[in-house]
Amino acid sequence: ETGEMVPAPFRFSFFAYANLVICAGLLRPDASLASAAFFQWLNQSYNAGVNWCNRSSGEGDIQSLATAYVAATGAALAIGVGGTALGKRAGGGIVRLTVPMLGVALSAVLNLV
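Summary of the structure given here. (Residues numbered from 1 in each chain as written. Predicted model: local features only at pLDDT ≥ 70, side-chain atom pairs only at ≥ 80, totals over all residues. Heavy atoms only, no water.)

**Things to note about a nonpolar patch on the surface**
A grouping of Phe14, Tyr17, Leu20 and Val21 is seen on the molecular surface, where their side chains present a nonpolar patch of about 440 Å² in accessible area. Along the chain, Leu20 falls in helix α1 (residues 12-26). The class for Leu20 is exposed, based on a relative accessible area of 58%. (Patch = residues over 30% accessible without salt bridge, like charges linked within 9 Å, V, L, I, M, F, W, Y side chains within 5 Å. Areas by Shrake-Rupley, 256 points an atom, 1.4 Å probe, with all protein chains shown as cover. Salt bridge = Lys/Arg side-chain N within 4 Å of Asp/Glu carboxyl O. Helix = DSSP H or I, 4+ residues; strand = E, 2+ residues; numbered from the N terminus. Buried < 20%, exposed > 50% of the residue type's maximum accessible area, 1.4 Å probe, protein only.)

Below is the structure:
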């Protein structure tokens, strides 16, 4: 509607390619807490950028975007870092592999609210 060009990394045609890198980072088997936190933050930051660049009108409410970003990033970091620590204590396995998905799924819902 605005006629503005969406930057290439934030177009939906690039979304799958960007998420290949992000998902690889989230699913690394030897991920440290810092790595889990970084890739959860990167995922939420990228999603917020895609949502902002592809909004339906030129008018954007920065306050609601910032609130959704903080809530989604906080939830992703809490689940990602907490779950990674729990997975390492529990011996890994299925817990460690499902933690990134849980963090991403919950934060995706919060990002859209």
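**Focus on empty space enclosed by the protein**
Applying the stated rule across the entire model yields one cavity of 30 Å³ or more. Approximately 120 Å³ is the volume found for the largest cavity. Lining the largest cavity are 13 residues, with Leu26, Ala31, Thr84, Arg96 and Pro100 sitting closest to its centre. In terms of residue count, the dominant contributor to the lining of the largest cavity is helix α4 (residues 94-112) (four residues). (1 Å grid on protein atoms, 1.4 Å probe; cavity = no way out; pocket = protein on both sides within 12 Å on 5 of 7 lines; lining within 4 Å. Points joined across faces, edges and corners; volume = space filled by probe spheres on them.)

**Points about the environment of Leu86**
Looking at the secondary structure, you find Leu86 in helix α3 (residues 62-89). Along the backbone, Leu86 and Arg96 are 10 residues apart, and their C-alpha atoms lie at a distance of 8.0 Å.

**Topic: the packing of α1 against helix α2 (residues 33-53)**
One can describe the packing of α1 onto α2 by two numbers: an axis separation of 9 Å at closest approach and a directional angle of 170°. In terms of axis orientation, α1 runs roughly antiparallel to α2. Taken together, the residues of α2 that come into contact with α1 (itself represented by Phe12, Phe14, Phe15, Ala18, Asn19, Val21, Ile22, Gly25 and Leu26) are Ser35, Phe39, Gln40, Leu42, Asn43, Tyr46, Asn47 and Val50. Of the residues contributing to the contact of α1 with α2, the split by class is 11 nonpolar, six polar and no charged. (Axes fitted to C-alpha atoms, helices over the stretch in contact; angles between N-to-C directions. Parallel < 35°, antiparallel > 145°, perpendicular 65-115°, else oblique. Contact = heavy atoms within 4.5 Å. Nonpolar A, V, L, I, M, F, W, Y, C, P; charged D, E, K, R; others polar.)

**Some remarks on the side chain of Gln44**
Following the sequence through the fold, Gln44 ends up in helix α2. Residue class for Gln44 comes out buried when judged on its relative accessible area of 0%. Ignoring sequence-local partners within four residues, the contact set of Gln44 consists of Tyr69, Ala72, Thr73, Ala76, Ser107 and Asn111.

**Description of the side chain of Gln40**
Of note, Gln40 is situated in helix α2. For Gln40, a relative accessible area of 2% translates into the label buried. Not counting chain neighbours up to four residues away, the residues in contact with Gln40 comprise Leu26, Ala76, Leu77, Gly80, Pro100, Gly103 and Val104.

**Quick look at the packing of aromatic side chains**
Counted under the stated rule, the structure contains six aromatic pairs. Between Phe14 and Tyr17, the ring centres sit 6.3 Å apart and the planes meet at 50°, which makes this aromatic pair tilted. Of this pair, Phe14 and Tyr17 both sit in helix α1, three residues apart, which is roughly one turn of that helix. Given a relative accessible area of 55%, Tyr17 falls into the exposed group. A connected cluster of aromatic rings, assembled from ring pairs, spans Phe10, Phe12, Phe15 and Tyr46. The ring of Trp52 has Arg55 lying over it, and the distance from NZ or CZ to the ring centre is 4.0 Å. (Phe/Tyr/Trp six-rings, centres within 6.5 Å; stacked < 30°, edge-to-face > 60°. Lys NZ or Arg CZ within 6 Å of the ring centre and 35° of its normal.)

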